[in-house]
Amino acid sequence: MRPTIPALLKWQPQTFADAGTCASEAAEALDTAVGRAVTAFDSARSWRGLTHAAAQRRVGEEHDHADEVRNVLQMIADEASDAAVALTHARDHALRLLDTATDGGFRIAEDGTVTHPDPDRAASAADLTGQITAALSTIDELDELYGTRLDGYTADLASMIDGQPDVTLPGGTMMDPDDAVMMLRSLTESQIRDVLEKMSPADVRRLVQANPHVMGNLPGVPFEWRIPANEVNIRNALAEEIRAGRGQGRRARTLREMLEPVADPTNPNPAAGDDGLVERQFITFVNTPRGRMVEMVGTLRRNTRNVAVYVPGTGTNMDSAGGDNRRAAAELAAQTDGPVFLYLDGDLPQDLVAATSTEYAAEMAPRLAVFGHELDAELAEHAPAAKSTFIGHSYGGSVVGTAEQLGLAPDRVIYASAAGTGILDLPHPAGVDRYALTFPGDPIHISQLLPFNPHGADPDTTADVTRLATGTVEIDGKTYVGGLKTHGGYWNDPDSTAFQNMVKVITGEDPVLHGRDRPSMPSLPTPPPAPPWWTRLFDDAGPPGPLPDIPLPRVPGLPRLPIPLPIPDVPLRLPW
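Here we summarise the structure given alongside this text. Not measured: the values here are computed from a predicted model.

Our next topic: the environment of Glu-241. In this fold, Glu-241 is placed in helix 9 (residues 223-243). According to the relative accessible area criterion, Glu-241 is buried, its value standing at 8%. Put simply, Glu-241 and Ala-252 are 11 residues apart on the chain and 6.2 Å apart in space, counted from C-alpha to C-alpha. If near-sequence neighbours (up to four positions away) are discounted, Glu-241 is found in contact with Arg-246, Gly-247, Arg-251, Ala-252, Leu-255 and Asn-287.

The structure is reproduced here in structure tokens:
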């Protein structure tokens, strides 16, 4: 409810954070205790017979029940922690306004009305009244939001004393939540979405509590339910890391970062009293050794005009994606005013040797194709005017291209310094606008130009693919027009020609095409005679003009390549 000024002065939102910590600790303690009980039961190998079977069933039921209680406690911990952050910021904003009024000699009534004995300052008093009233209203709205959610979770706990109550399915059928989740797994994506949309929010929440792993990752479950399910999954994964003695390890740090609120790049100007921070939103989360996740960076709104899916390349995993990859996704979201999905639902190769293999693309691409259908369903419901763009960088280009060959059909595709257009001998869907960009001197040209490249055709020369200009990029304070560093450097320079071209494609503007940017670039000298693929390694559009011969390693603006001449034989892993 809306506080009075005296109540606001005494209010301590930190108590929400304390409550969240207590709930999280209770969840961890419950999980640990039940885990020990199950382990002790399983170790009694000499126990046999009907009594053992009955006890085993009972232990399994209580284990399942304890997991459900733990999941609700984790939901309470998450909401209480978020409430503490949001309400603390809103309270501090209101207190700053009170200090400003008091320091100016104004009087403040309990309801926030501001007056001044000098009639000439009536306008200022009215302005301060409006600001303080708005601040108190923000606190009221946040209090109602988080209070309603916490009341719901409290009611869920109270209803679970003897086990979770049954849920009501469409048609009136009653079913145990665990059985209902298993039933959903047997349905198609569209059937799952139809069933859940006809259920009450309270019943769907019980499904999330019963099995957050399935509900957080099952294709067909709407994103609005997968996000809270994966919040529980992340908290449970963190608790497991702590129990295993890895509480200060790399994965535990990653999981903590995933639970921290962040700025919403699609809401750069939050209202007064709103800190602008939002929970990170994970559409997929599986705590595998390298980690699987899909994060929605930004907010999907009814008036959203565009969304993008960004598949990164070699060396990316869940522990590293929160750095440059997420920053690039957030910058794309900010500049396009639409959410960007950072897609890492599978393992990517972690080094260049592994990147010669197609097995990673073969494993990830089917999931990406399914995700494309899911995204289409979300857009049809929540942002019907939005256009989708899928971007594959480096090895991610092979993943996107293969997903296209499996039926992925977004509005637009960008092959960004991509290894190829797909590993399968299948056509790409019609009706998709495709673009490619690769800097001259990018070593990915070696992969693109290999005879029988296992990652598919060279996107820069493939028919029906429009090649984009790359122009210049700032890397470590220096301007580059090509070379080794440009393979990924433009992702960290949001003002670069390549990054801006991706923004234009996503938003439906006309990008700068390859060749049209050359008049503004420094001229390059003519390289010495070389095989055709070597010429393209440096500038596959050809030299800019007949200038004096200069030895290739001394071309200004391009670094000396660490490749010995003559080129030695390199064993390759090819798919035959």
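There's more to say after this.
Before going further, it helps to examine the nonpolar core. A general feature of soluble globular proteins is that nonpolar side chains tend to end up buried together. In this structure, Phe-341, Leu-368, Tyr-490, Trp-491 and Met-502 are the most contacted members of the largest nonpolar core, which totals 78 residues. For this core, the element with the most residues is helix 12 (residues 359-382), which contributes nine residues. Beyond its immediate sequence surroundings of up to four residues, Leu-368 is in contact with Val-309, Val-311, Tyr-343, Phe-390, Val-399, Val-400, Ala-403 and Leu-408.

Okay, helix 16 (residues 497-507) next. Turning to helix 16, its buried residues number three or more, namely Ala-498, Phe-499, Asn-501, Met-502, Val-503, Val-505 and Ile-506. Those residues of helix 16 that are buried are in contact with strand 9 (306-311), helix 11 (324-336), strand 11 (387-393), strand 12 (412-416) and strand 13 (433-437). Remark: Gly-508 follows helix 16 within two positions and exhibits a positive phi of approximately 85°.

Across the sheet, eight strands lie side by side as 7-8-10-9-11-12-13-14; this open sheet has mixed pairing. Sheet topology places strand 7 (281-286) and strand 14 (465-467) at the edges, where each strand pairs with a single neighbour. When strand polarity is set aside, the average angle formed by the axes of neighbouring strands in this sheet is 15°. Of the strand pairs in this sheet, strand 11 and strand 12 are connected by five bridges, and their pairing is parallel. By the bridge assignment for strand 12, Ile-391 is matched with Ile-414. Its contacts with the sheet place helix 12 against strand 7, strand 8 (292-297), strand 9, strand 10 (340-344) and strand 11, and it is angled at close to 155° to strand 10. Across the sheet, helix 13 (residues 395-405) lies against strand 9, strand 11, strand 12 and strand 13, angled at about 135° from strand 11, the strand it touches most.

Conventions adopted
- Residues numbered from 1 in each chain as written.
- Predicted model: local features only at pLDDT ≥ 70, side-chain atom pairs only at ≥ 80, totals over all residues.
- Heavy atoms only, no water.
- Helix = DSSP H or I, 4+ residues; strand = E, 2+ residues; numbered from the N terminus.
- Buried < 20%, exposed > 50% of the residue type's maximum accessible area, 1.4 Å probe, protein only.
- Contact = heavy atoms within 4.5 Å.
- Core = buried A, V, L, I, M, F, W, Y, C linked by side-chain atoms within 4.5 Å.
- Pairing = 2+ DSSP bridges.
- Axes fitted to C-alpha atoms, helices over the stretch in contact; angles between N-to-C directions.

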